[in-house]
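Here are the chains, one letter per residue:
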Amino acid sequence: MLHRFLARAIPLSTSSTGLPKPLSPLLIGVSRLATSSGDPVADGGGGSGEDDPFSFPDHHQQQLPPDVARGVDAVVAAAEAKASKAADAGRALDRCGAEASEPLVVAALARLRNSCAAAHAAFRWAVSQPGYAPGRRASHSMLAILAKHRRFDDARALLDEMRRASTASPAAVLLLIRRHCAARDVAGAVAAFRALPSFGFHPGIAEYHGLLSALCRYKNVQDAEHLLMSSQKEFPFETKSFNIVLNGWCNIICSVREAKRFWSAMQNLGIDRDVVSYGSMISCFSKSGSLDSVMKLFNRMKEAGIAADRKVYNAVVFALAKGRCVDEAKMLVQTMEEKKVAPDTSTYNSLIGPLCKSRQVQEAMEMFDAMLQRGLSPSVRTFHALINVARSAIEVFDLLDKMKELHCDPEMDTYIMLIRKFCRWKQHESVEKLWSAMPANGLSPDRSAYIVLIHGLFLNGRLEAAAKYYEEMKDKGFSPEKKTEEMIQAWLAGRELAKASASVRTQGGSVSLRLPRK
């Protein structure tokens, strides 16, 4: 049955693999990657990128004049050192010798974005400086940080300041909406959407789609569907709105049952289904491992006269590779080219990810090699798949060097994944090396990074180091999770008891651990 669907989807006349003949498997450093278990790369549909509408200029400081760059270093150091106390941070910033300017504030906030208290202190210090008024870029950056850390009252206050200074924008409100959705605060998200007119913006179809997308992105898909169905008078039904919710069921919730239900609802309501609709359903079937369903729907789409786009092809390539039909996946890449649909980085991720998951690392490296031959730039997702199957510190650091060579900057998730891996390998020097490398890549450890590091060190018996980073995390204003708090406090209590016991023994006495009788 499957072979018949494949024959219809992929022309039999295609005899080659559809890819350029690869070079010998790419050797990264002294040791080629070997097989190991690892998490899968998702569906090859491309990385999600920054969660906020405003990207932070991680390497912006490299382009700054030397005096401004020094000022950024001074501001960051002062804000981080006193982040837990706003008054102390303000005094330290006043003494740091930096002069507030838009480039300096933007670069400092980019460095401090994972420490809300430090970033807010730096921003408030800058606002208080004579001759400086925050521009749109600095205000948006601060708003993004406040919203990310769920400081919604402060974020709304800043948004009011931006409105008075004429630096607010619909994108700024959308950022707030998205963060309310991330906190599963649907009412707050809808309220922010309804507040658009108070900022002088009309809530049009683009903003409505932004609200639906934000709800779906953070798994509030049922709420998005309810909003869609109840807003017909204000926003008449059309394909794009339905596609947003369909994608939520298909690619966020990944529920085949709900996706099929909503797909049928579109048909019953007379909503046209386009290539995006088919792409969402194909991706859903692909993630569920239903290769037969993928190929059936792919062929049905072609019979309906709808030409596949790159996302559809990538989803089918992923399904084929995941189903270990790698030759057929390569042939479909050839078909893409014949149809004038150029393969991109996500196409190769759709091959590399499943190959790594199935421990076909030789083939994955060949695909990586072929990607480079085509002049395509690997993404962070590409490297995450390869790092997951790395077996040694040498291989990991060679991959990081390759990322640097190809201008593919590691993300915080990259470091968190590697810290877990090195702690599992008990390679503490590598953990320290990674941790100290973050600032050079424009990153400051966030709460998740601290928690992963502390747990890894604690479970490896490096208790003093774990306690040190625990205090550092609290000093930066990050609240520890309950498990981390209990773990560290139990150890600290045990250490104090051991000290007390040793002190008593030194004095020739004894200590009793018996509980008193009631």
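Quick caveat: nothing in here was measured; it's all calculated off a predicted structure.

Chemist: So what exactly am I meant to see when it comes to the overall build of the chain here?
Modeler: Along its length, the chain carries 26 helices and zero strands. Counting every position in the chain, which comprises 518 residues, the buried fraction comes to 51%. For the chain, contacts bridging at least 24 residues in sequence account for 69% of all contacts bridging at least 6. Of the roughly 24,500 Å² of accessible surface on the chain, 51% is carried by carbon and sulfur atoms.

Chemist: Just checking my understanding: could you explain the pattern of salt bridges for this structure?
Modeler: Where charged atoms of side chains with opposite charge meet at close range, the side chains can pair. Overall, the coordinates contain 14 salt bridges when judged by the stated rule. Among the ionic pairs, Glu225 bridges to Arg261, the shortest N-O distance being 2.8 Å. Pair noted here: Glu225 is in helix α11 (residues 221–230) and Arg261 is in helix α13 (residues 256–268), with a separation of 36 residues, a long-range link. Note on Arg261: relative accessible area 34%, which makes it partly exposed. Salt bridges sharing partners connect three or more residues here, namely Glu225, Arg257, Glu258 and Arg261.

Chemist: What's the story with helix α25 (residues 463–475) in this structure? I'm lost.
Modeler: Since one α-helical turn is 3.6 residues long, residues separated by three or four positions face the same way. In this model, α25 (13 residues) spans 18 Å end to end at C-alpha, consistent with the 18 Å of a helix rising 1.5 Å per residue. If you check which residues of α25 are buried, you get Ala465, Ala466, Ala467, Tyr469, Tyr470 and Met473. Two residues or fewer after α25 comes Gly477, characterised by a positive phi angle close to 90°.

Chemist: Please explain the packing of helix α20 (residues 380–388) against helix α22 (residues 412–425) as it appears in this structure.
Modeler: Between α20 and α22, the shortest axis-to-axis distance is 11 Å and the interhelical angle comes to 5°. Relative to α22, the element α20 is oriented roughly parallel. Contacts from Val380, His384, Ile387 and Asn388 of α20 reach α22 at Asp413, Thr414, Met417, Leu418 and Lys421.

Chemist: Could you clarify how one ought to interpret the UniProt feature "repeat: PPR" (unreviewed entry) in the chain in this entry?
Modeler: UniProt tags residues 274–308, 309–343, 344–378, 411–445 and 446–480 as "repeat: PPR" (unreviewed entry). Measuring from the first to the last C-alpha atom of residues 309–343 gives 10 Å, for a span that is 74% helix and 0% strand.

Chemist: What should I look at first to understand the packing of aromatic side chains in this one?
Modeler: Two aromatic rings, taken as a pair, are described by how far apart their centres are and by the angle between their planes. Taken as a whole and judged by the stated rule, the model has twelve aromatic pairs. Seen in terms of ring centroids, Tyr208 and Phe235 are 4.0 Å apart; in terms of plane orientation they differ by 5°. Their pairing is stacked. Of this pair, Tyr208 sits in helix α10 (residues 205–217) while Phe235 sits in the loop between α11 and α12 (239–252); the two residues are 27 residues apart in sequence, bridging distant segments of the chain. Taken as a pair, Tyr208 and Phe235 share a single burial class, namely buried. Between Phe422 and Trp425, the ring centres sit 5.6 Å apart and the planes meet at 75°, which makes this aromatic pair edge-to-face. Taken together, the residues Phe422 and Trp425, both in helix α22 and three residues apart, mark about one turn of the helix.

Chemist: Help me understand unusual backbone geometry, please; the structure alone is not making it clear to me.
Modeler: Backbone phi values are negative for most residues with the exception of glycine, while trans is the configuration of most peptide bonds. Of note in the backbone geometry, Ser166 takes a positive phi value of approximately 60° without being a glycine. Structurally, Ser166 is set in the loop between α7 (152–164) and α8 (170–182). We note that Lys219 has phi near 70°; this positive angle belongs to a residue other than glycine. Residue placement: Lys219 occurs in the loop between α10 and α11.

Calculation rules
Residues numbered from 1 in each chain as written. Predicted model: local features only at pLDDT ≥ 70, side-chain atom pairs only at ≥ 80, totals over all residues. Heavy atoms only, no water. Helix = DSSP H or I, 4+ residues; strand = E, 2+ residues; numbered from the N terminus. Buried < 20%, exposed > 50% of the residue type's maximum accessible area, 1.4 Å probe, protein only. Contact = heavy atoms within 4.5 Å. Areas by Shrake-Rupley, 256 points an atom, 1.4 Å probe, with all protein chains shown as cover. Salt bridge = Lys/Arg side-chain N within 4 Å of Asp/Glu carboxyl O. Expected span 1.5 Å × (residues − 1). Axes fitted to C-alpha atoms, helices over the stretch in contact; angles between N-to-C directions. Parallel < 35°, antiparallel > 145°, perpendicular 65-115°, else oblique. UniProt positions renumbered as here; feature names shortened; annotations may be inferred. Phe/Tyr/Trp six-rings, centres within 6.5 Å; stacked < 30°, edge-to-face > 60°.

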